[in-house]
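Analysis of the macromolecular model
Here are the chains, one letter per residue:
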Amino acid sequence: MATIVSAPLSRPTTKGEATLFAEFRAFWRAFVAKAFNPYRPELHYMRGPGPACRAKQMALSPAVRSMLADIRSTKKPSPRV
């Protein structure tokens with residue numbers, strides 16, 4: 001069985017190099033997290049009111065219903081030939 005041992009760097013890094021590498025790692029970590037994020041809100045976006053809302057908005061008063069019934073009764077479809 002092989003064992004992996006991390007070897008120390010050949011020379012100690014300076015503070016400037018360490019912070020530059022940390023910034024580079026932080027950038028790529030944030031980039032990958034945003035680029036490959038599985039959450040896509042546009043896939044879950046509701047594109048309009050549902051059937052319950054539509055039924056509630058379409059509720060008509062009795063007066064309007066009687067007017068519509070009168071209009072529909074006068075507009076009888078012509079017989080097809």
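Computed from a prediction, not measured in an experiment: that's the story for all the values here. (Residues numbered from 1 in each chain as written. Predicted model: local features only at pLDDT ≥ 70, side-chain atom pairs only at ≥ 80, totals over all residues. Heavy atoms only, no water.)

**Details of the overall build of the chain**
Here is the rule we go by: Note on conventions: DSSP H or I runs of at least 4 residues are helices, E runs of at least 2 residues are strands, and numbering of each starts at the N terminus. Using a 1.4 Å probe, the Shrake-Rupley method yields the accessible areas, and only the shown protein chains count as cover for residues.
Secondary structure summary: the chain contains three helices and zero strands in total. From first element to last, N terminus to C terminus, the chain shows the α and β order α-α-α. As displayed, the chain has an accessible area near 8500 Å², and 66% of this comes from carbon and sulfur atoms.

**Some details on the environment of Leu-60**
Note the following rule: Think of it in three bands: residues with accessible area under 20% of the maximum for their type are buried, residues over 50% are exposed, and the middle band is partly exposed, with areas taken using a 1.4 Å probe on protein chains only. We call two residues contacting when some pair of their heavy atoms lies within 4.5 Å.
Its location among the elements puts Leu-60 in the loop between α2 (51–57) and α3 (62–74). Exposure remark for Leu-60: the relative accessible area of 36% places this residue in the partly exposed category. In this structure, Leu-60 is in contact with Arg-65 and Leu-68, ignoring residues within four places of it in sequence.

**Considering the confidence of the model for the chain**
What counts here: What pLDDT conveys is the predictor's confidence in a given residue, as a value from 0 to 100.
Across the chain, the average pLDDT comes to 76, with 72% of residues at 70 or higher. Of all helices and strands in the chain, the one with the weakest mean pLDDT is α2 (72), whereas helix α1 (residues 15–35) scores best (87).

**Some words on the packing of aromatic side chains**
Here is the rule we go by: In this analysis, rings of Phe, Tyr and Trp, with Trp reduced to its six-membered ring, are considered paired at centre separations within 6.5 Å, and the interplanar angle assigns stacked below 30 degrees, edge-to-face beyond 60, and tilted for intermediate values.
Within the structure shown, the criterion is met by four aromatic pairs. Summarising the aromatic geometry, the rings of Phe-27 and Trp-28 are spaced 5.3 Å apart at their centres and angled 75 degrees between planes, so their arrangement reads as edge-to-face. With a relative accessible area of 38%, Trp-28 lands in the partly exposed category. Centroid distance Phe-27 to Phe-31: 6.4 Å. Interplanar angle 20 degrees. Geometry classified as stacked. Here Phe-27 and its partner Phe-31 are both found in helix α1, four residues apart, which amounts to about one turn of the helix. Aromatic rings pair up to connect Phe-24, Phe-27, Trp-28 and Phe-31 into one cluster.

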